[in-house]
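Understanding the architecture of this molecule
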Amino acid sequence: MYIDQVGDRTLADCNVLIVDDQASSRLVLETLLEETVSCFSVNSGKEAIEYCRHNTPDLILMDVSMPEMDGHQTTALLREKPACEHIPIIFVTSSSTEEEESRCWASGCVDFVVKPVNACTLINRVKSHIQHKLRSDFLEKLIYIDKLTGAYNRHYLDDYLPRLVKDSERNATPLALVIFDVDHFKLFNDMYGHLDGDSCLWKVSKTINEALLRPMDKLVRIGGEEFLVILPNTDVDGAKAVAERLLQTVYDLNIPHASSEYSRITLSAGLALKLANDSKTVDYIMLEADKNLYAAKTSGRNRVVSPSQSVTKNAKGLSSGQKLKSLS
Ligand SMILES: Nc1nc2c(ncn2[C@@H]2O[C@H](COP(=O)(O)OP(=O)(O)OP(=O)(O)O)[C@@H](O)[C@H]2O)c(=O)[nH]1
């Protein structure tokens with residue numbers, strides 16, 4: 001028996017990506033599944049990889065035989081991306097030889113269905129794997145999510161960050177870390193009370209999470225009123241732009257804070273990067289981000305400090321990028 005809801009997610013909320021070069025096959029799969037889940041279809045492995053750069057489907061139905069990049073090659077490339085590592089992939093294959101079946105398992109699928117598909121088998125396999133995924137997502141949430149703010153917690157950071165660092169080394173891509181701290185939060189608690197303080201942290205966290213646009217970008221609560229934003233494959237200009245946008249979004253929330261020089265809740269941020277091919281450790285980058293955060297605090301708060309760059313202030317008051325003081 002299948003249950004349709006786990007935590008706050010239902011089967012109908014789940015997204016299935018259909019990858020097939022044949023329009024007729026895509027239509028058959030979409031039609032069979034439309035009453036169970038929401039489907040999105042692409043016609044090549046390349047398009048599937050592009051789609052997964054910006055979206056995280058709950059399950060993928062992957063045609064095995066496709067021109068240019070077949071289902072096995074597409075799966076191998078998807079599995080290299082941490083955000084796609086755990087997406088269940090069901091192969092849709094026209095060959096059911098023992099050899100082909102073994103090849104499908106070796107490629108990392110969780111199951112396969114044979115063409116022409118049996119409607120009942122397809123629907124039940126999709127339901128079964130999505131249900132399993134919803135349960136493991138739910139358990140992961142209990143382990144990795146901070147209850148007050150909904151951001152990831154330190155357990156998540158310890159598991160996830162070393163993998164991202166390896167990824168950045170393997171692919172020679174930059175990795176940016178930004179530490180954010182709520183300004184004058186002790187004074188806020190003293191003035192408005194801890195309940196309002198908690199609610200303020202929840203709002204700030206929700207706002208930051210909603211303003212992060214890529215699925216690989218993550219928000220982690222690393223201390224009381226301190227957050228880390230992890231931005232894989234992001235260079236210094238990109239990371240600075242994200243950090244400034246997040247500061248502005250929180251500024252625009254306009255949460256009153258009578259003891260702040262800005263009369264509202266603001267953030268300070270310190271940015272640090274691991275560039276392609278440099279050998280900085282995670283601890284070193286965190287220390288660097290922390291130093292830059294300290295510089296942001298001591299130079300007036302409500303601003304971002306980047307490595308070897310001028311202090312800039314993003315949120316209203318001074319235009320973004322306007323130099324206050326050079327730190328380099
Ligand atoms: N309400 C609430 N307060 C918290 C929580 N975690 C930490 N705090 C409070 O956050 C405050 C942080 O104070 P400080 O580290 O002195 O920093 P600050 O007052 O923000 O000052 P600056 O960082 O210099 O702008 C302390 O009063 C903590 O008790 C929480 O979960 N809820």
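Residues numbered from 1 in each chain as written. Predicted model: local features only at pLDDT ≥ 70, side-chain atom pairs only at ≥ 80, totals over all residues.

Looking at an unreviewed UniProt entry, one finds the chain named diguanylate cyclase and attributed to Alteromonas portus. Listed in UniProt under the heading Cofactor (unreviewed entry), the comment for the chain reads: "Mg(2+)". (UniProt positions renumbered as here; feature names shortened; annotations may be inferred.)

Lining the immediate surroundings of the ligand are 17 residues, of which Asp183, Phe185, Lys186, Gly197 and Gly224 lie closest. Of all the elements in the fold, those that place two or more residues in the shell around the ligand are β8 (175–182), α7 (185–192) and α8 (194–211). When grouped by side-chain class, the residues that make up the shell around the ligand number five nonpolar, five polar and seven charged. (Near = placed C-beta within 6 Å. Helix = DSSP H or I, 4+ residues; strand = E, 2+ residues; numbered from the N terminus. Nonpolar A, V, L, I, M, F, W, Y, C, P; charged D, E, K, R; others polar.)

Moving on: the UniProt feature "modified residue: 4-aspartylphosphate" (unreviewed entry) in the chain. Look at the UniProt record and you will see "modified residue: 4-aspartylphosphate" (unreviewed entry) annotated at Asp63. If you trace the backbone, Asp63 turns up in strand β5 (residues 59–63). Residue classification places Asp63 among the buried residues on the basis of 25 C-beta atoms within 10 Å. In this structure Asp63 touches Val19, Asp20, Asp21, Ser25, Gly71 and Val92, once residues within four positions along its chain are discounted. (Buried ≥ 20, exposed ≤ 12 C-beta atoms within 10 Å, placed from the backbone. Contact = placed C-beta atoms within 7 Å.)

Taken N-terminus to C-terminus, the directions of helix α2 (residues 45–54) and helix α3 (residues 71–79) make an angle of 20°; their axes are 9 Å apart at the nearest point. The angle between α2 and α3 falls in the class roughly parallel. By crossing handedness, the relation of α2 to α3 is classed as right-handed. On the side of α2, the interface is formed by Gly45, Ala48, Ile49 and Cys52, while α3 contributes Gln73, Thr74, Leu77 and Leu78. Of the residues belonging to the contact of α2 with α3, the class tally is five nonpolar, three polar and no charged. (Axes fitted to C-alpha atoms, helices over the stretch in contact; angles between N-to-C directions. Parallel < 35°, antiparallel > 145°, perpendicular 65-115°, else oblique. Left-handed = near helix turned anticlockwise from the far one by under 90°.)

As a further point, take the domain arrangement of the chain. Parsing the chain into structural domains produces domain 1 (5–141) and domain 2 (154–326). Contacts between the two partners involve five residues from domain 1 and, on the opposite side, six residues from domain 2. Residues of the side of domain 1 that touches domain 2, tallied by class, amount to two nonpolar, three polar and no charged. (Domains from an automatic or database assignment.)

Another aspect to go through is the packing of α7 against α8. With their axes 7 Å apart at the nearest point, α7 and α8 run at an angle of 135° to one another. Judged by the angle between their axes, α7 and α8 are oblique. Facing α7, whose interface residues are Phe185, Phe188, Asn189 and Tyr192, α8 presents His194, Asp196, Gly197 and Cys200. Looking at the contact of α7 with α8 residue by residue, the classes come out as four nonpolar, three polar and one charged.

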